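Remarks on the overall topology
Read off the chains here:
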Amino acid sequence: MFNPDDYRAALDAAHRRALDWLESVPDRPVRPAAGIDEQEAVFDLPLQDVSLPPEDVVTELAAKAEPGLMAMDSGRFFGWVIGGTLPAALGADWLVSAWDQNSGMRRATPSMAAIEAAAGRWLLELLGLPAGSDVGFTTGATMANFTGVLAGRHAVLAAAGWDVNERGLNGAPPVTVLAGAEVHASMLLAFRYAGLGVPYLVDADDQGRMRPDALEHALESVEGPVIVALQAGELHSGACDPFAELVPVAKARGAWVHVDGAFGLWAAASPRFAAMTAGLDGADSWATDAHKTLNVPYDCGLSIVRGSLVRNATRVTTSYLMHDVSGPADPFELVPEFSRRGRGVPVWAALRSLGRDGVVAMVDRLVDAAQELAARLREIPGVEVLNDVVFTQVCLSFGSDERTQEVTARLIEDGTVWMSGSRWMGRDVLRISVSNWSTDAADIAASVAAVRRAMG
Ligand SMILES: *Cc1c(COP(=O)(O)O)cnc(C)c1O
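An account of the accompanying structure is given in this report.

A short note on the environment of Ala229
- Inspection of the secondary structure puts Ala229 in strand β4 (residues 226-231).
- A sequence separation of 26 residues divides Ala229 from Ala255, and the C-alpha atoms of the two residues are 9.9 Å apart.
- Beyond its immediate sequence surroundings of up to four residues, Ala229 is in contact with Leu178, Ala179, Gly180, Met187, Phe191, Met210 and His258.

Structure below.
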């Protein structure tokens, strides 16, 4: 039975608990207080027979979950590549849940489609990508990479006289796929999901950028359809592939060029970093995340494909969808899923609240913070900064692999910050990704002090 009071009580409880959580973030240890074993025990309840009041369920959930939450919204969270949440984006995300719109069809949920279309146009403008490209809202860059590869697979096979939608991959001309030696694992998944196997890895330089001479060499011996995956934002160095050199080489060979720019694509939004992404707009498809650098809540990735080419791969027509085949694309035609939430709405709110200047300032601030951290850490004897800090990523070594592991473990335990242990160019490293809009000078000072403590 519909009872508005149930909603009010549940949402009031959620509102209170959400604010409690957000207000605790700046002062709590970044790492979770409880581990997975403890949290599994806490949630190891039998499914009870009776129903419970919604408000009580929300309150219980928040209380039980809280010890096992990581303060990923903290300005001192530098793990993996993970953004925080801008207030306007969070508010919009709550509305998306309350509205509960299945957001795939223009005529069924016009507001959602219109908002996402507007957000898509703003994104193309900000990132300097071709106007009129299709922008699809996915769960993340992994699915956006997959979408780009699907569009590319269709295009390169069509050019070879093969309709992959009709005939599948069985008996198709083999598609050669290439990626840089420092390719992100999610790009490998995208090729795997698309049935294209493991890419040939093209040599990269010491910052993980694909080498143009190596691409040229690799393409010399290749026949038939080709997809080349480039990268904006290498995970450890933040560097972008030299698109202005690579894209023409790939295009001359008739290749489809996809760019995984999960976080690095945002360099294109700032005039300060425009040189890094020169030539980016010559590619055919691009993947990025909104839940990283743009700081919208999880989950939201962006699939951007030139022209209307993605629709060749993802278009469906059925009698029951409210769907105008001759009109503009419905949102569900741009991504590999039918039903989904209005993921583009928090993107719209983030962009509306920041404005163009705000987006540029945010990207610049993230890089400034990364460079400031690198400069101050480099001054500490025993710390080595391994990469050229050109964007939001900083890679540290403390000497031997054992020493780096030991400092990493102590740093995590200390709780002031979270930075990720990783391996890069044959060495164990501690990686910092500055991706949270709220990281400020006090966070930087506290983080440097925490690294000093962890070094003993
Ligand atoms: C994070 C990341 C991905 C994967 O993105 P998800 O949003 O986690 O799916 C792909 N490529 C790069 C370079 C990334 O940093």
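Brief notes about the packing of helix α4 (residues 87-99) against helix α12 (residues 344-378)
- Look at α4 against α12: their axes get within 8 Å of each other, and the N-to-C directions meet at 150°. Relative to α12, α4 is oriented roughly antiparallel. Considering the relative orientation of α4 and α12, their crossing is right-handed. Where α4 abuts α12, its residues Ala88, Ala89, Ala92, Asp93, Val96 and Trp99 lie against Val345, Pro346, Ala349, Ala350 and Ser353.
- Tallied by class, residues from the contact of α4 with α12 come to nine nonpolar, one polar and one charged.

Remarks on the site of the ligand
- Neighbouring residues of the ligand: 13 residues in total, closest Thr142, Asp260, Asp289, His291 and Lys292.
- A distance of 2.7 Å is found between an oxygen atom of the ligand and a side-chain nitrogen or oxygen belonging to Asp289.
- Within the side chain of His291, an N or O atom sits 2.8 Å from an oxygen atom of the ligand.
- Within the complex, the protein chains bury 85% of what would otherwise be the 380 Å² of accessible surface of the ligand.
- A breakdown of the residues in the shell around the ligand according to their chemical character gives four nonpolar, six polar and three charged.

Quick word on a nonpolar patch on the surface
- A cluster of nonpolar residues, Phe2, Tyr7 and Leu11, forms a patch on the protein surface that exposes about 400 Å² of accessible area.
- By the element assignment, Tyr7 lies in helix α1 (residues 4-24).

Brief notes about the environment of Trp348
- Of note, Trp348 is situated in helix α12.
- Put simply, Trp348 and Ala117 are 231 residues apart on the chain and 9.3 Å apart in space, counted from C-alpha to C-alpha.

So, the side chain of Ser447
- Mapped onto the fold, Ser447 is located in helix α14 (residues 441-455).
- In contact with Ser447, not counting residues within four places along its chain, are Arg76, Phe78, Leu373, Val417 and Met419.

Quick notes on the packing of helix α9 (residues 212-220) against helix α10 (residues 243-252)
- Contact pair α9 / α10: the axes reach a minimum separation of 9 Å and the direction vectors enclose 10°. It follows that α9 is roughly parallel to α10 by the angle criterion. For the pair α9 and α10, contact is made by Pro212, Leu215, Glu216 and Leu219 and by Glu245, Leu246, Val249 and Ala250, respectively.

Structural notes on the pattern of salt bridges
- With the rule as written, the count across this model stands at 25 salt bridges.
- Between Arg209 and Asp205 there is a salt bridge, and its shortest N-O distance comes to 2.7 Å.
- Residue classification places Arg209 among the partly exposed residues on the basis of a relative accessible area of 28%.
- Here Asp205 falls in the partly exposed class, since its relative accessible area comes to 22%.
- A salt bridge links Arg410 to Glu406; the nearest nitrogen and oxygen atoms lie 2.7 Å apart. Of this pair, Arg410 and Glu406 both sit in helix α13 (residues 401-414), four residues apart, which is roughly one turn of that helix.

Some details on a negative patch on the surface
- On the surface, Asp37, Glu38, Glu40 and Asp44 cluster together into a negatively charged patch.
- As for its placement among the helices and strands, Asp44 is situated in the loop between α2 (36-42) and α3 (54-65).

Points about the sheet that holds strand β9 (residues 393-397)
- Spatial ordering of the open sheet is given by β8-β9-β11-β10, a layout of four strands whose pairing is antiparallel. Of all strands in the sheet, those with a lone pairing partner are β8 (384-385) and β10 (420-424), marking the two edges.
- Alignment of β10 against strand β11 (residues 427-433), held across five bridges, turns out to be antiparallel. Note that in β11 the partner of Ser422 across the bridge is Val429.
- Along the sheet face, α12 touches β8, β9 and β11 and points at about 15° away from the line of β9.
- Across the sheet, α13 is in contact with β9, β10 and β11; its angle to β11 comes to roughly 35°.

Here we look at the packing of aromatic side chains
- Scanning the entire structure with this criterion turns up seven aromatic pairs.
- An aromatic cluster is present here, built from Phe77, Trp80 and Trp418 joined pairwise through their rings.
- Over the face of the ring belonging to Trp162 we find Arg167, whose NZ or CZ atom lies 3.8 Å from the ring centre.

Here we look at the sheet that holds strand β7 (residues 301-305)
- Pairing in this open sheet of seven strands is mixed, and the strands run β1-β7-β6-β5-β4-β2-β3 from one edge to the other. Only two strands of the sheet have a single neighbouring strand rather than two, namely β1 (134-138) and β3 (200-202). Strand after strand, the sheet turns through a mean of 20° between neighbouring axes, direction not considered.
- The pairing of strand β2 (residues 176-180) with β3 spans three bridges and is parallel. Among the inter-strand pairings, Leu178 is bridged to a residue of β3, identified as Tyr200.
- Where helix α5 (residues 110-127) meets the sheet, its contacts fall on β1 and β7, and the angle it forms with β1 comes to roughly 110°.

Rules of the game
- Residues numbered from 1 in each chain as written.
- Predicted model: local features only at pLDDT ≥ 70, side-chain atom pairs only at ≥ 80, totals over all residues.
- Heavy atoms only, no water.
- Helix = DSSP H or I, 4+ residues; strand = E, 2+ residues; numbered from the N terminus.
- Contact = heavy atoms within 4.5 Å.
- Axes fitted to C-alpha atoms, helices over the stretch in contact; angles between N-to-C directions.
- Parallel < 35°, antiparallel > 145°, perpendicular 65-115°, else oblique.
- Left-handed = near helix turned anticlockwise from the far one by under 90°.
- Nonpolar A, V, L, I, M, F, W, Y, C, P; charged D, E, K, R; others polar.
- Near = heavy atom within 4 Å.
- Polar contact = N/O pair within 3.5 Å; in protein donor to acceptor, adjacent residues only side chain to side chain.
- Areas by Shrake-Rupley, 256 points an atom, 1.4 Å probe, with all protein chains shown as cover.
- Patch = residues over 30% accessible without salt bridge, like charges linked within 9 Å, V, L, I, M, F, W, Y side chains within 5 Å.
- Salt bridge = Lys/Arg side-chain N within 4 Å of Asp/Glu carboxyl O.
- Buried < 20%, exposed > 50% of the residue type's maximum accessible area, 1.4 Å probe, protein only.
- Lys, Arg positive; Asp, Glu negative; His and termini not counted.
- Charge placed at Lys NZ, Arg CZ, Asp CG, Glu CD.
- Pairing = 2+ DSSP bridges.
- Phe/Tyr/Trp six-rings, centres within 6.5 Å; stacked < 30°, edge-to-face > 60°.
- Lys NZ or Arg CZ within 6 Å of the ring centre and 35° of its normal.

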